[in-house]
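So the chains spell out like this:
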Amino acid sequence: MKGLVIKNTGSWYSVKTDTGKVVECKIKGNFRLKGIRSTNPVAVGDNVEIALNSEGTAFITHIEERRNYIIRKSQNLSKQSHILAANVDEAFLIVTVNYPQTSTTFIDRFLASAEAYSVPVVLVFNKCDILSDDERHYQQSMIHLYETIGYECREVSAATGEGVDGLHALLKGKITLLSGNSGVGKSTLINKILPEANLRTAEISDAHNTGMHTTTFSEMLELPEGGYIIDTPGIKGFGTFNMEPEELTSYFPEIFHFSKGCKFSNCTHTHEPGCAVLKAIDDHYIAQSRYQSYLNMLEDKDENKYREAY
């Protein structure tokens, strides 16, 4: 029997079968993703085959090949990965310029990982109703930066509903992953989009301006207009996984564009003579923050980097 994994609670998986019935399942056997060790070998969004048992539950016996996935380095076990979701049409990265602040490093790492698997990303800037004039100006500069690169950006307030209606057209008929740091208002936004979801929300910690995890597992939520939202737990850091340094340039569209003019085909864009990327940075065609993210990711082979969130 075939089905779709719609919830992962760590030990059990909820699978919606082709008949529409939801069956609680466990894993049978050891699954591997192209030899990658993963903390969750089965992910929400996976198409699977299951074998029912006499107790009304089932074993997952086979995972169909994934067309894509969003994957990150596990922060607890540096040589393992964590798959946020599989077989997605797009991702919404929920970001906030304050309360808490989402770093450009986090944004760029998520975008690069999505580029690696050809997953379109919409940057959703939340909490626009509580920004100061300076914060609003900073948000506009961020939006200008990412729109210039080619990413769609939306400004919303999950609390007031401002801008939320405009997201429905983007969600209709698609499987959309929602991700972001803890505290950016992801659960509040989902409750606005899909009131019957009634997800739990939490206050921001005033002392540290950080959010608390309210979602503890990944889940697919069906939209009345067709499609699914995949809700995922809030994350602190985003370690890239299995990215070779020579591939990294192609995951930054603007750096890749200028790299075609480099003198050497194996240019790392760090020190080489005749580097068109370094010239583009000097000429302000590439943002310094993006270049710093690129350099930061070049160092990802250092295994000790993932012992702590950054």
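Residues numbered from 1 in each chain as written. Predicted model: local features only at pLDDT ≥ 70, side-chain atom pairs only at ≥ 80, totals over all residues. Heavy atoms only, no water.

1. Observations concerning helix α8 (residues 288–298)
Of the residues making up α8, those classed as buried are R290, Y291, S293, Y294 and M297. For α8, the angular spread of buried residues about the axis comes to 155 degrees, placing them on one side. The secondary structure elements touched by the buried residues of α8 are α1 (104–116), α2 (133–149), α5 (245–248), α6 (253–259) and α7 (276–282). (Buried < 20%, exposed > 50% of the residue type's maximum accessible area, 1.4 Å probe, protein only. Helix = DSSP H or I, 4+ residues; strand = E, 2+ residues; numbered from the N terminus. Arc of directions from axis to C-beta. Contact = heavy atoms within 4.5 Å.)

2. Here's the deal with the pairing of strand β6 (residues 69–73)
Where a strand is regular, its side chains alternate between the two sheet faces. Among the 5 residues of β6, 5 are classified as buried, and the element is accordingly described as predominantly covered. Looking at chain direction, β6 and strand β7 (residues 81–86) are connected through 5 bridges and run antiparallel. From the neighbouring strand, I70 faces β7, where its bridge partner is A85. (Pairing = 2+ DSSP bridges.)

3. Overview of the packing of aromatic side chains
Scanning the entire structure with this criterion turns up 4 aromatic pairs. Centroid distance Y69 to Y117: 4.6 Å. Interplanar angle 40 degrees. Geometry classified as tilted. A residue pair is termed long-range when its members are at least 10 positions apart, and Y69 in strand β6 and Y117 in the loop between α1 and β9 (121–125) qualify at 48 residues. Grouped by ring-pair contacts, the aromatic residues F252, Y291 and Y294 constitute a single cluster. The aromatic ring of Y69 is capped on one face by R66, whose charged end is 6.0 Å from the ring centroid. (Phe/Tyr/Trp six-rings, centres within 6.5 Å; stacked < 30°, edge-to-face > 60°. Lys NZ or Arg CZ within 6 Å of the ring centre and 35° of its normal.)

4. Some points on α1
The terminal C-alpha atoms of α1, which comprises 13 residues, lie 18 Å apart, in line with the 18 Å expected from a rise of 1.5 Å per residue. Among the 13 residues of α1, 10 are classified as buried, and the element is accordingly described as predominantly covered. Just beyond α1, the residue with positive phi is S118, at close to 55 degrees. (Expected span 1.5 Å × (residues − 1).)

5. A word on the state of the cysteines
Inspection of the entire model under this criterion finds 0 disulfides. Distance from the sulfur of C262, which forms no disulfide, to the nearest cysteine sulfur (C275) is 3.9 Å. A relative accessible area of 12% places C262 in the buried class. (Disulfide = S-S within 2.5 Å.)

6. Let's talk about the confidence of the model for the chain
In this model, the chain carries an average pLDDT of 86, and 85% of its residues clear a pLDDT of 70 or more. This model gives residues 202–215 a pLDDT under 50, and the stretch forms 31 contacts once residues within four places in sequence are excluded. In the model, residues 303–310 has pLDDT below 50 throughout and makes 27 contacts with residues more than four positions away in sequence or in other chains. (pLDDT = per-residue confidence, 0-100.)

7. Regarding the UniProt feature "binding site: Zn(2+)" (unreviewed entry) in the chain
According to UniProt, the "binding site: Zn(2+)" (unreviewed entry) feature falls on C262, C267, H269 and C275. Along the chain, C262 turns up in the loop between α6 and α7. Aside from chain neighbours lying at most four places away, what touches C262 is C267, H269, G274, C275, A276 and V277. Along the chain, H269 falls in the loop between α6 and α7. Residue class for H269 comes out buried when judged on its relative accessible area of 3%. Residues contacting H269, with those up to four places away along its chain left out, are T249, I255, S259, C262, C275, V277, L278, Y291 and Y294. (UniProt positions renumbered as here; feature names shortened; annotations may be inferred.)

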